[in-house]
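# Survey of secondary and tertiary structure
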Amino acid sequence: MIINEKEAIIEAVLFAAGEAVSFKDISMAVGVDISEAIKLTRGLIEKYKSEKRGVLIIEAGESFQMCTNIEYFKNIKNIYDAPRKKRLTPSVLETLAIIAYKQPVTRGNIEEIRGVNSDRAVNKLIECNLVCEKGRLDAPGKPILFGTTDEFLKYFGFSNLDSLPAIEEVDRDDVIKEAERFEKLADK
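Presented here is an overview of the structure given in this document. (Residues numbered from 1 in each chain as written. Predicted model: local features only at pLDDT ≥ 70, side-chain atom pairs only at ≥ 80, totals over all residues. Heavy atoms only, no water.)

Once that is clear, we can look at unusual backbone geometry. A cis amide bond links Gln 103 to the next residue, Pro 104, at an omega of -10 degrees. With respect to the helices and strands, Pro 104 occurs in the loop between helix H5 (90-102) and strand S4 (105-106). At Asn 129, a residue that is not glycine, the phi angle is positive and equals roughly 60 degrees. Tracing the sequence through the fold places Asn 129 in the loop between helix H7 (119-127) and strand S5 (131-136). Under the relative-accessibility criterion, Asn 129 is labelled partly exposed at 42%. (Helix = DSSP H or I, 4+ residues; strand = E, 2+ residues; numbered from the N terminus. Buried < 20%, exposed > 50% of the residue type's maximum accessible area, 1.4 Å probe, protein only.)

This part is about the nonpolar core. Among the nonpolar cores identified, the biggest contains 22 residues, and Leu 88, Leu 96, Ile 99, Leu 125, Leu 130, Phe 152 and Phe 156 are the most heavily contacted of them. Going through the elements one at a time, H5, H7 and helix H8 (150-156) are the ones with two or more residues in this core. At 6 residues, H5 tops the list of elements feeding residues into this core. (Core = buried A, V, L, I, M, F, W, Y, C linked by side-chain atoms within 4.5 Å.)

Attention now goes to the pairing of strand S6 (residues 144-148). Most of S6 sits out of view: 4 of its 5 residues are buried. Where S4 lies against S6, 2 bridges are found, and the strand directions are antiparallel. Looking at the pairing, Thr 106 lines up with Leu 145 of S6. As judged from the 5 bridges shared by S5 and S6, these two strands associate in the antiparallel manner. Along S6, the bridge assignment pairs Glu 133 with Phe 146. (Pairing = 2+ DSSP bridges.)

Structural data, given as structure tokens:
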């Protein structure tokens, strides 16, 4: 069966909402009265059932909602059971802690604190979108300044940089302790 434009609008609204949408809101989106919106959506429900689609539209009270077809739950379960957090090595976590507390910071500053080359760790953090370039230092060679991203805040559950635990002075031992704490937070 060919889907008409009104049905396509209903699909788009239900998909975008990600939750139940009232009969009234569907009718406003489609530009028809409520009874027509209900009729169109119930027609889509039947089409989805007859075509055995991966998603269904369900009626709940005075609303409709798009959801996964329970028949295919086992097929998607493995994706959502898989660990979703990025695993960071101790050296990468140490580098991240330095950047988080000293930002904006150059690679040279990071290496001075760690005492080792930090290219791989910084590149891994950039790849994981936990760190990004924040500009350039006004000094010879114009070294890149690194800082944390919004993804860093989400990953570790901070609302902003001010909610990072306070440490008086960043030294190697403090950085290692903070890195271990970060990893524990990330596992929650």
